[in-house]
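Observations on the three-dimensional arrangement
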Amino acid sequence: MAFASPAVLALDGKTPLEELHHDIWTGKDGAPGQVSSMAQTADGWLWIGSVDGFYRFDGMRFRRFEALNGETAPKRPVTALTALRNGDLLIGYLFGGLSHLHDGHIVHYPATVGGVPISPVSNATTDDSGRLWVATTSALLQLRDGAWRNVGPELGLPGGEVSNVVADQYGQIWIAVGHALYVLPAGGKRFREVQRQDVHTVNLIESPDGRLWQDLHDRLIPVPAQHQGPLKPRPAWLARSQGQENGLFDRDGNFWSLACPIGVCRAAGVGAMPSREMAPNAGPRDRLDQPWQLSSQTGNILFEDRDGSIWIGTQAGVERFRHNRLAPVKLAGGERAFKFARDETGHVLALALPSGQVWRLRADGARPVDEHYPPSNTGAIGNAADGALLLARADAIERRHPDRSERIAYPPEPDGKTGPVKVTRVFDDGVGLWVSIARRGAFRLVDGRWTSQADLGLPVGTFVGEAGARKGSLWLGYDDGLIVYFDHGRITRYRPPPEHDVGPVTHLHVAGDEVVAAGIGGMAVLRDGAFQRLVADDPDVLAGVSGTIVGADGDRWLNGKKGVVHVKAADWKAAAAAPGTPLKYMLYGVLDGYPGFADTNTRRPTAIADVDGQFWFVGAAGLARLDSTKSYPPLYPPRVLVETLVAKDKRYLDFSRPLRLDPGVTSFRIEFTALSYTMPAMVHFRYQLEGVDAGWQDSGNRRAVSYNNLGPGDYRFRVAAVNERGQSSEQETSIALTILPTFTQTPLFYGLCALLAAGLLYLLYRLWLRQATLRIAERMAERERIARTLHDTFLQSVQGLVLGFQNAMSALPGESSTRARLERMLLLAERVIEEGRDEVQDLRSSAMSDGDLARGLTIVGEVLQESHHSVFSLRREGGAAALTEEVGCEVYSIGREALMNAFRHAGAKSIHVTLGYHADRFVMLVADDGKGMDAEILASGQRAGHWGLPGMRERAARIGATLVIDTPAVGTRVSLTIPAGLAYVGQSRWQRLARRWRRQG
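Think of each chain on its own: its residues are numbered from 1, step by step along the sequence as written. Side-chain atom pairs in this predicted model are given and counted only at pLDDT of 80 or more, local residue features only at pLDDT of at least 70, and totals for whole chains, interfaces and linings cover all residues. Heavy atoms from the whole structure form the basis of all side-chain values; hydrogens and water molecules are not counted.

1. Observations concerning the state of the cysteines
In plain terms, two cysteine sulfur atoms within 2.5 Å form what is called a disulfide here. According to the stated counting rule, one finds 1 disulfide in the structure shown. The disulfide partner of cysteine 260 is cysteine 265, and the S-S distance across this bridge is 2.0 Å. Disulfide cysteine 260-cysteine 265: the torsion about the S-S bond is 90°, which places it as right-handed. The same class applies to cysteine 260 as to cysteine 265, namely buried. Three labels apply to residues, based on accessible area from a 1.4 Å probe with only protein chains included: buried if under 20% of the type maximum, exposed if over 50%, partly exposed otherwise in between.

Below is the structure:
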């Protein structure tokens, strides 16, 4: 997409080339050699053509063009690049014709015309109707019906080399053929000759005002306008469409040229001159032509990008010139330290040490003044509170006013010695004059009397000082972090706590009620009676500040460890009011012309403004000037792009659709960039992989990130950037991607695993059930055997003994005491036999283990029948249906209890069981013809000391059955009724439960 064009300045023609910021990239930096062409497309990419191929550059990395899947990247020498208005790019080759790049997709046009290989392409363009025009060394070509056609003869052109083809802002097509220049008017059918020269045209170029010029290498010839109406300024798309082989007008009309006769030259203001023949390189010009100034003295192409920087393609690589916000100040050389003051006109004086020379600093340069100090590492200048100039010389202090001056003697040496005084600082608090003398400390002069630092009650040691808001007050900062306020002899000490300590104090700034302390470790502001530390995203920008300038608009300029820090007035107020709030700032460092880092050794402010709005800063490597009156329009915001994603050695380049990564991918690497060419190293990135990163991650200036231990699923990667001026990318860039699962990571696999696990569990259950059934069967068989043995052998034998004793007893007289004892013993034996039969019955209760209810109850009845004088019978009604296991067990237990009650307590002659297997219900009826049941027992539901009847009712309730016990005219009836849905196998569990709940409810 194209961005709105900010008004960007060209490179100032008054700034010498050697003072512009000059970057060089050669082969060691990955740059191609023998660069032949350059262009910048509307999306911001800078493209480079060379003998080595086709490259793009983001300001940090040169990348050979990579084609998307299914397409072929060009591998031929590139001779021409043209960026089109719609954002596309044309690529012309030394051999092989032309290619067209659109949205990352490349199309290669035929490499022959009429069966003959196409000659080397000089340049190419499209007109307003979209027709493609290609200039080659032998003909003018157009693409018609997918084939090239030489259209020169039919359009009125002579044969021969076509050196240029240009589509201008008026809809005209210009052609240079041999010595002549031709134009095809908008809507015209044939070219017409405009003018002819004595040499071939090297270039057709436009000046910023829209005039066309023939570049003949040593001359510029204006081309008569061929359109109707006024001139239209050169559009930005046309200026960036292609580089120029010999000469280039930048957007301010300065003319840049190559081979002049070697190196690069610039002539200021040529584009504003009248339309006449000119020889720019024959007049005053600025040039770089030494081997150490350029990567190669042979330049091939000139290009101006959208930010106003000038690029040069050379035989050895790529070079770029751009503005520095800070301009170096040229002095005599050898300076180590500077001390500032202002003269009576408001301009800055700088004392250079150790030379002792005083310089007057102006925007147009520095000039020495007649205030020479003896060469020394000491000496000072300053200003009094009334503006007078203070000159601390070796023998005295001079206070100079515009109309008068006075000399002030130094405090006498304690031992009476005389000689040069080594002064390091001189300043004024509005009442007293202060001077610092090497190895003696500081002194204050009031009413002609000097008082030492110790006598004033001040801590001993070197300090930085700044006059307070009240006359006669002074703020002092010491190397141990102590800050002292001196106010007419009263002293207040400030010792910041560790979390607010800024370390050795390097600078103090007082503005009204605001006091700011700067130190090696940062900055703090006085708030609520204590110094509170300021914070910034990069703490180092506030470290080592040694000078402050407050502009007319309230903006602050801090001279610090990393360069000049610009803080807008509103941002400063916000941070000072809440010191924990990060300070917003812009940094102008070494990439902006800052000379090294701030100088903190002089213990005097290293930043000062003059009456003209020029700001001066002292760095470790010299002086720098910043013109606060010059307005710099905003740059293009950085455009963020994802370049590649690499996973399992496979590169992905097309992010127009969500990526689908191969199954088994657990890690990948993403490379991204931002198209911001002024200071690409200062662009900062943040990124986030949704689903992995908890929030935005700060990448600094790194342009790649790797992720590991990822699982299958959907992810979204987001990235944004901020350039060196604090401009954020207009929108973040994101890509969607999916890591496909392997078969073992799919739900199907998990389902199959679950089924397999369930199958294995079922098989284990069946195996366990089989083993348990066999064990139970063996146990039941053993119980049956024991029961049979007890019944058929032991109990029969005991019964036989009892009968024998009864026969023997019958022979005894009825009143015999022996007979009575035998009768009691026989009664006890009968009880033992009865208990034995009960135990046998319990052993044989396993008859229901096979699920046959009728058989189980028959066994119970027959066993009971053997020991009682009752007849047992059982009858089934309806086809026998299988009862559920739970119902069968409970019915059997209820029937067994009913039979035992009938045999033991009813005194019945016959006991009958009926099992009714009906379609809608199951019924069990146990009836006898005995004496019946007492009404009291029927009412209470149990016999005292017996729990059979309550147990029967509880079992019936558990299976949702209805139990009715009544006494008709003869005997007792126990009736158990169960609905079919609860009784029989085959009914759904939820039906059984629902019916049971309804019954219980």
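2. Here's the deal with the packing of aromatic side chains
Under the pairing criterion, centres of Phe, Tyr and Trp rings, with the six-membered ring standing for Trp, must be within 6.5 Å; the plane angle then separates stacked pairs below 30 degrees from edge-to-face pairs above 60, leaving the rest tilted. Across all of its chains, the model carries 33 aromatic pairs by this definition. Measuring from centroid to centroid gives 6.2 Å for tyrosine 687 and phenylalanine 717, while their planes differ by 25°, and the two rings are stacked. Pair noted here: tyrosine 687 is in strand β62 (residues 684–690) and phenylalanine 717 is in strand β65 (residues 713–722), with a separation of 30 residues, a long-range link. No difference in accessibility class separates tyrosine 687 from phenylalanine 717, as the two residues are buried. Three or more aromatic residues link up through ring pairs in this structure, and these residues are Trp25, Phe57, Phe62, Trp311 and Tyr677. Directly above the aromatic system of tyrosine 93 lies the positively charged group of arginine 76, at a separation of 4.1 Å from the ring centroid. Above the plane of the ring of tyrosine 373 lies arginine 393, whose end atom (NZ or CZ) is 5.3 Å from the centre. Secondary structure elements are defined from DSSP: runs of H or I of at least 4 residues count as helices, runs of E of at least 2 residues count as strands, and each element is numbered from the N terminus. Two thresholds decide whether a charge sits over a ring: the Lys NZ or Arg CZ must be within 6 Å of the ring centre and within 35 degrees of the ring normal.

3. Things to note about empty space enclosed by the protein
Every definition here rests on a 1 Å grid over the protein atoms only: cavities are sets of points where a 1.4 Å probe fits but cannot get out, pockets are open sets enclosed by protein on both sides within 12 Å along at least five of seven lines, and lining residues have some atom within 4 Å of a point. Grid points are joined across faces, edges and corners, and a volume is the space filled by probe spheres set on the points. One pass over the structure, following the stated rule, counts 4 cavities of 30 Å³ or more. Lining of the largest cavity is provided by 13 residues; of these, Leu204, Ile205, Glu206, Leu238 and Gln244 occupy positions nearest its centre. Going through the elements one at a time, β20 (203–206), α1 (236–239) and β23 (247–249) are the ones with two or more residues in the lining of the largest cavity. The leading source of residues in the lining of the largest cavity is β20, at 3 residues. The classification used treats Ala, Val, Leu, Ile, Met, Phe, Trp, Tyr, Cys and Pro as nonpolar, Asp, Glu, Lys and Arg as charged, and all other residues, Gly among them, as polar. Here the residues of the lining of the largest cavity sort into 8 nonpolar, 3 polar and 2 charged.

4. Some words on the pattern of salt bridges
Throughout this description, the term salt bridge denotes a Lys or Arg side-chain nitrogen within 4 Å of a carboxyl oxygen of Asp or Glu. Scanning all chains against the criterion turns up 53 salt bridges. Taking the shortest distance from any N to any O, the salt bridge between arginine 131 and aspartate 127 comes out at 2.8 Å. The exposure class of aspartate 127 is buried, given its relative accessible area of 8%. Residues arginine 393 and glutamate 371 are paired through a salt bridge, measuring 2.5 Å at the closest nitrogen-oxygen approach. Taken together, the positions of arginine 393 in the loop between β36 (389–392) and β37 (397–400) and glutamate 371 in the loop between β34 (365–368) and β35 (380–383) put the pair 22 residues apart, joining distant regions of the chain. As far as burial versus exposure is concerned, arginine 393 and glutamate 371 are alike and both buried.

5. Section: the sheet that holds strand β1 (residues 21–26)
Reading across from one edge, β1-β29-β28-β27 is the order of the 4 strands in this open sheet, with antiparallel pairing throughout. In this open sheet, the two edge strands, each paired with only one partner strand, are β1 and β27 (299–304). The mean inter-strand angle of the sheet, taken between neighbouring strand axes irrespective of direction, is 15°. Sheet topology places β27 next to strand β28 (residues 310–314); 5 bridges connect them, and they run antiparallel. Looking across to β28, one finds that phenylalanine 303 is bridged to tryptophan 311. Whether two strands pair depends on DSSP finding at least two bridges between them. Note on geometry: axes are C-alpha line fits, over the in-contact stretch for helices, and angles between N-to-C directions span 0 to 180 degrees.

6. Some words on the environment of phenylalanine 338
For phenylalanine 338, the position within the fold is in strand β31 (residues 337–342). Along the sequence, phenylalanine 338 and proline 539 sit 201 residues apart, while their C-alpha atoms lie 26 Å from each other.

7. Let's talk about helix α8 (residues 948–958)
Inspection of α8 places Gly948, Leu949, Pro950, Met952 and Ala956 among the buried residues, and these make up the whole buried set. Downstream of α8 by one or two residues, glycine 960 has phi in the positive range, about 70°.

8. Notes on the nonpolar core
Put simply, a nonpolar core is a bunch of buried Ala, Val, Leu, Ile, Met, Phe, Trp, Tyr and Cys residues held in one set by side-chain atoms that sit within 4.5 Å of each other. Of all hydrophobic cores here, the largest spans 41 residues; its most connected members are Leu853, Val891, Leu899, Leu915, Phe922, Leu976 and Ile978. Counting residues per element, the ones that place at least two in this core are α5 (853–867), α6 (885–905), β68 (910–917), β69 (921–928), α8, β70 (962–966), β71 (972–979) and α9 (980–983). Should any heavy atoms of two residues lie within 4.5 Å, those residues are considered in contact. Excluding residues within four positions of it along the chain, phenylalanine 922 makes contact with Leu853, Leu883, Val891, Leu915, Gly916, Tyr917, Leu976, Thr977, Ile978, Ala983 and Tyr984. The next biggest cluster of nonpolar side chains, apart from the first, holds 31 residues, and it includes Ala39, Ile48, Ala67 and Phe303.

9. A look at the sheet that holds strand β12 (residues 121–126)
In space, the 4 strands of this open sheet follow the order β12-β13-β14-β15, with antiparallel pairing throughout. The sheet terminates laterally at β12 and β15 (147–150), the two strands that pair on one side only. Strand after strand, the sheet turns through a mean of 30° between neighbouring axes, direction not considered. One ladder, built from 3 bridges, connects strand β13 (residues 132–136) with strand β14 (residues 140–144); its direction is antiparallel. From the neighbouring strand, tryptophan 133 faces β14, where its bridge partner is glutamine 142.

10. As for the side chain of arginine 703
Within the element layout of this structure, arginine 703 appears in the loop between β63 (697–700) and β64 (704–707). Between N or O atoms, a polar contact is any pair within 3.5 Å; within protein, one atom must be a potential hydrogen donor and the other a potential acceptor, and residues adjacent in sequence are included only when both atoms are from side chains. A distance of 3.3 Å separates the side chain of arginine 703 from the side chain of aspartate 58, its partner in a polar contact. Excluding its chain neighbours within four sequence positions, the residues that come into contact with arginine 703 are Asp58, Met60, Arg61, Ile670, Glu671, Phe672, Thr673, Ala674, Pro680, Val683 and Phe685.

11. Re α6
Expected helix span is taken as 1.5 Å per residue step, with the number of steps being one fewer than the number of residues. With 21 residues, α6 ought to run about 30 Å at 1.5 Å a step, and its terminal C-alpha atoms sit 30 Å apart, in line with that. Where α6 ends, the next residue or the one after it, glycine 907, has phi of about 65°, a positive value.

12. Looking at the pairing of strand β42 (residues 449–452)
Pairing of strand β41 (residues 441–446) with β42 involves 4 bridges; the strand directions are antiparallel. If you follow arginine 444 over to β42, its bridge partner there is threonine 451. The hairpin formed by β41 and β42 contains 2 residues between the paired strands, and aspartate 447 there has a positive phi angle of roughly 55°.

13. A few points about the environment of valine 590
By the secondary structure assignment, valine 590 is in the loop between β54 (586–588) and β55 (607–609). As a C-alpha pair, valine 590 and serine 728 span 138 residues in sequence and 22 Å in three-dimensional space.

14. Regarding the packing of α6 against α8
Running from N to C, α6 and α8 point in directions that differ by 160°, and their axes come no closer than 10 Å. Judged on the interaxial angle alone, α8 and α6 are roughly antiparallel. Considering how the two elements wind past one another, α6 and α8 form a crossing that is left-handed. Touching Glu886, Glu890, Ser893, Ile894, Glu897, Ala898 and Asn901 of α6 are Gly948, Leu949, Met952, Arg955, Ala956 and Arg958, all from α8. Classifying every residue of the contact of α6 with α8 gives 5 nonpolar, 3 polar and 5 charged. In what follows, roughly perpendicular refers to angles from 65 to 115 degrees, roughly parallel to angles under 35, roughly antiparallel to angles over 145, and oblique to any angle outside these ranges. Crossing chirality is assigned from the near helix's rotation relative to the far helix, an anticlockwise turn below a right angle marking it left-handed and a clockwise turn marking it right-handed.

15. Here we look at the side chain of threonine 606
Structurally, the position occupied by threonine 606 is in the loop between β54 and β55. Looking at threonine 606, its side chain comes within polar contact range of the side chain of asparagine 559, at 2.8 Å. For threonine 606, the contacting residues outside a window of four places in its chain are Phe340, Ser546, Gly547, Asn559, Asp599, Trp616, Phe617 and Val618.

16. Concerning unusual backbone geometry
At the junction of cysteine 260 and proline 261, the peptide bond is cis and its omega measures out at -5° in the coordinates. Position of proline 261 among the secondary structure elements: in the loop between β24 (255–258) and β25 (264–267). Between leucine 353 and proline 354 the backbone carries a cis peptide bond, its omega angle lying at 15°. Here proline 354 is to be found in the loop between β32 (348–353) and β33 (358–362). Unlike most non-glycine residues, aspartate 145 shows phi in positive territory, near 55°. Counting through the fold element by element, aspartate 145 comes out in the loop between β14 and β15. Classification of aspartate 145 by relative accessible area gives exposed; the value is 85%. Of note in this structure, aspartate 649 is not a glycine but carries a positive phi near 65°. With respect to the helices and strands, aspartate 649 occurs in the loop between β58 (639–647) and β59 (650–652).

Everything listed here is a matter of coordinates, which is why it stays silent on function.
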